[in-house]
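Next come the chains, spelled out residue by residue.
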Amino acid sequence: MCGIVGYLGRRDCADVLMDGLEKLEYRGYDSAGIAVFEGNSIRTVKTRGKLKCMAQKLAEDGKPEGFCGIGHTRWATHGEPSDINSHPHSNGRVTIVHNGIIENYAELKEFLTEKGYSFVSQTDSEIVACLLDYYYTGHDRMSWGASPEGRTDAPQSKLAPDPLRAIMETVKELHGSYALGILFKDFPDRVYATRKGSPIIVGLGQEEYFIASDIPAFLKYTKDYALLDDDEIVCMEKSGVGFYDVHGIAVKKQIHTADWDIEQAQKCGFPHYMLKEIHEQPEVVTKTLDSIVTDGVPDFSGIGLTDELLRGVKRVFVVACGTAMYAGIVGKYAVEKLARVPVTTEIASEFRYMDPIVGEDDLVILVSQSGETADTIASLELAKSRGARTLAVVNVKYSAIARGSDMFIHTLAGPEIAVASTKAYSVQIAVLYALAFRFAYARGIMPESEMKRLTAQLYGTSKAIRDVIDNKDECQFIASQLMNAEKLFFIGRGFDYALSLEGSLKLKEITYIHSEAYAAGELKHGTISLIERGVPVITVATQRHVLAKTVSNMEEVKARGATIIAVCRKGTEFAEGTVDIKLELDIGDELDDMLIPLPTVCALQLIAYYTSVQRGIDPDKPRNLAKSVTTE
Ligand code: G6P
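Rules and cut-offs
Residues numbered from 1 in each chain as written. Predicted model: local features only at pLDDT ≥ 70, side-chain atom pairs only at ≥ 80, totals over all residues. Heavy atoms only, no water. Buried < 20%, exposed > 50% of the residue type's maximum accessible area, 1.4 Å probe, protein only. Helix = DSSP H or I, 4+ residues; strand = E, 2+ residues; numbered from the N terminus. Pairing = 2+ DSSP bridges. Contact = heavy atoms within 4.5 Å. Axes fitted to C-alpha atoms, helices over the stretch in contact; angles between N-to-C directions. Parallel < 35°, antiparallel > 145°, perpendicular 65-115°, else oblique. Nonpolar A, V, L, I, M, F, W, Y, C, P; charged D, E, K, R; others polar. Near = heavy atom within 4 Å. Polar contact = N/O pair within 3.5 Å; in protein donor to acceptor, adjacent residues only side chain to side chain. Domains from an automatic or database assignment. Core = buried A, V, L, I, M, F, W, Y, C linked by side-chain atoms within 4.5 Å. Salt bridge = Lys/Arg side-chain N within 4 Å of Asp/Glu carboxyl O.

## Some remarks on the pairing of strand β8 (residues 190–196)
For a regular strand, side-chain orientation follows a simple rule: the groups alternate between the two sheet faces.
Here is step 1: Counting buried positions along β8 gives six out of seven residues, so the element sits mostly inside the fold.
Here is step 2: Count of turn residues in the strand β7 (residues 176–184)/β8 antiparallel hairpin: five residues.
Here is step 3: Relative to strand β12 (residues 233–237), β8 is paired through five bridges, and the arrangement is antiparallel. Bridge assignment links Y192 to a residue of β12, and that residue is C235.

The structure is reproduced here in structure tokens:
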């Protein structure tokens, strides 16, 4: 969702901000803007539309010249995408950029209106600028009672205007989530920031400092960074960076060094991030497995996930959103099949409000690429409050979910920039398979030799994924057959069903073709009425023990005119006339059926990618979607 950047240093601030915003484009946005100190005044340039609209506006209006400023990409929540609703927002002596949602904005707006403030935008964010100004210009908290009725006009404070104090007072009144970059007109060489629920990372360069929603925004300039915790405030000025807690007391922060460089966050010759990230899968799967495998078997004892703990687990919940949740479904099938432990996969936004029956004997696995997804964070807190053990499977080290869970497995996909998740999904399922093996072993169901064999097979998926990528022309051909479809279906059974869900999501996300995924046997209970002549049905048919059943379901839809695209192992035979296009995965016979989702998902990703490109869509930035969903 929204992206925040801020800079203080000796470089051209507008350039640094625009560059940083470009690196945050993946988060999804509909408008953008920057505010830069030009001498002692702040000049704001903002517009609806993509960064190229901003670049055009800067070219027309002139770029603000200065060394200190903030920038923003907005993903509209309150108020339509428009020039006026774009950030930065200014009120009085304060200019801000905001990521998140201020839930009590209506109440605050009413109060501030009574105090004589007026507003130009429809956003919740402008209220924050205003409230900051209210406190900055000398009102104190006495004017706010515990209840709205208790408020009285406060006497003007005798204290000199103090940005830190104004921020501390303001955040006490805000309900909801926020990351804020703040400029005070009277301090032309300072950038402030604070956060709650939405990330702010502080980049620490040589006499130059950055704030950003994510590391790639400043990685070009520095690899050193500190993480702002909830309720903390940072002040960047020429003499250095100060961190403060909610009471204004200085705090010392740990400095981290990013373990990946700017190349990893760039396209490296690929036309899109998504294609690059699909190609990275063989490598990142191996890298992730290397980090959790010792002596040929998965071993999680280093993070506290011991065999003893696994033996004691009565139930497992996998809680996540979007693609990560679909990875959880593969995990459910694997853990239940091998370890015979009941696993429930839950959508985080449901889990958090459904009063789940979860407690001390349960293991709750939070799966997330970003580690910052609001609903998954809330589910983690809920699971902890009920006494469950929590395990994060997360791609971003030091993210809220990684830090908040009892145990953390770091998936090593590296930075994933394309909105549609690909390599993060693959490493998530690789970890969940490895976990299933260890689970089964710990519970005495699987001998060590079998755990070793399966782990070697899991490593083998890396080569199988590469083989699929080598045959990408076939996926490109299938895409050419799909590009004009109005709707389509994915069907499969077992692991193939789990994959169909992800394949269908990927395709609809980036092609805008309506796609549904169905358990192959379920189609005739209703959805088959949507099948008519020429509707493509992508059948994932890799699971040999249910192949005959899947074939029957293919025939049912074929009889109603569907065009069947079968994704199967090389050499799979179908009766004549059943299949229109066969995508045979040339991955060898040895790979266990259970592990085929790893290479197969790659084929589905490539089909989605090429269909998107052939329809003239930018697969990296599908409309309306955000990479990192930091609000409910
Ligand atoms: C958004 C993204 C999806 C992602 C989901 C969960 O919807 O567009 O690609 O799967 O959030 O994100 P997470 O970072 O928790 O995996």
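## Comments concerning the environment of D214
Here is step 1: Its location among the elements puts D214 in the loop between β10 (209–212) and β11 (224–227).
Here is step 2: In this structure the C-alpha to C-alpha distance between D214 and R27, which are 187 residues apart in sequence, comes to 9.6 Å.
Here is step 3: Residues in contact with D214, not counting those within four places in the same chain, are L24, Y26, R27 and I201.

## Concerning the packing of helix α9 (residues 322–339) against helix α16 (residues 495–511)
Here is step 1: For the pair α9 and α16, interaxial distance at closest approach is 9 Å and the crossing angle is 175°. As the angle between them shows, α9 and α16 are arranged roughly antiparallel. Listed contacts from α16 to G322, T323, Y326, I329, V330, Y333, A334 and K337 of α9 are F495, Y497, A498, L501, E502, L505 and K506.
Here is step 2: A class-by-class count of the residues in the contact of α9 with α16 yields ten nonpolar, two polar and three charged.

## Details of the site of the ligand
Here is step 1: The ligand sits among 13 residues. The nearest are S368, Q369, S370, T373 and A626.
Here is step 2: Take Q369: an N or O atom from its main chain is 2.7 Å from an oxygen atom of the ligand.
Here is step 3: Sort the elements by how many residues they give to the shell around the ligand and α9 lands first, with three residues.
Here is step 4: Classifying every residue of the shell around the ligand by side-chain character gives five nonpolar, seven polar and one charged.

## Re the sheet that holds strand β18 (residues 343–347)
Here is step 1: Spatially, the five strands line up as an open sheet ordered β18-β17-β19-β20-β21, and their pairing is parallel. Among the strands making up the open sheet, the edge pair consists of β18 and β21 (407–410). The sheet shows a mean angle of 20° between the axes of neighbouring strands, taken without regard to direction.
Here is step 2: Relative to β18, strand β17 (residues 315–320) runs parallel, the two being bridged by five bridges. Paired with A320 across the two strands is I347, which belongs to β18.

## Observations regarding the domain arrangement of the chain
Here is step 1: Each assigned domain of the chain is listed here: domain 1 (3–264), domain 2 (267–463) and domain 3 (471–619).
Here is step 2: For domain 1 versus domain 3, the distance between C-alpha centres works out to 46 Å.

## Some thoughts on the sheet that holds strand β22 (residues 487–492)
Here is step 1: Read from one edge to the other, the open sheet built from five strands follows the order β23-β22-β24-β25-β26, with strand pairing classed as parallel. One side of each edge strand has no neighbouring strand; the edge strands of this open sheet are β23 (514–519) and β26 (581–585). For this sheet, the mean inter-axis angle between neighbouring strands, taken without regard to orientation, is 15°.
Here is step 2: Both β22 and strand β24 (residues 536–541) contribute to a ladder of three bridges, which runs parallel. Following the sheet pairing, F490 is matched in β24 by I538.
Here is step 3: Strands in contact with helix α17 (residues 547–558) are β22, β24 and β25 (563–569); relative to β24, the strand with the most contacts, it is inclined by about 175°.

## A look at the environment of A434
Here is step 1: Its location among the elements puts A434 in helix α13 (residues 423–442).
Here is step 2: Overall, A434 belongs to the buried group, its relative accessible area being 1%.
Here is step 3: Along the backbone, A434 and L289 are 145 residues apart, and their C-alpha atoms lie at a distance of 8.1 Å.
Here is step 4: Excluding residues within four positions of it along the chain, A434 makes contact with I292, P298, F300 and L458.

## With respect to the nonpolar core
Here is step 1: I34, I365, Y433, F437 and F439 are the most contacted members of the largest nonpolar core, which has 132 residues in total.
Here is step 2: It is α13 that contributes the most residues to this core, 14 residues altogether.
Here is step 3: Leaving out residues up to four positions away in the same chain, F437 has contacts with P298, L338, M446, M451, L454, T455, L458, M594 and L595.

## Notes on the pattern of salt bridges
Once their charged atoms are close, side chains differing in charge can pair, the charge on each being opposite to the other.
Here is step 1: Considering all chains together, one arrives at 35 salt bridges under this definition.
Here is step 2: A salt bridge links E208 to R11; its shortest N-O distance comes to 2.7 Å. Highlighted residues: E208 in the loop between β9 (201–204) and β10 and R11 in the loop between β1 (3–8) and α1 (13–23), separated in sequence by 197 residues.
Here is step 3: Of the charged contacts, one joins D593 and R544 as a salt bridge, the two residues approaching to 3.1 Å between their closest N and O atoms. Here D593, found in the loop between β26 and α18 (597–614), pairs with R544, found in the loop between β24 and α17; they are 49 residues apart in sequence, far enough to count as distant.
Here is step 4: A relative accessible area of 45% means that R544 is categorised as partly exposed.
Here is step 5: Residues participating in the shared-partner salt-bridge network are D229, E232, K253 and R403.

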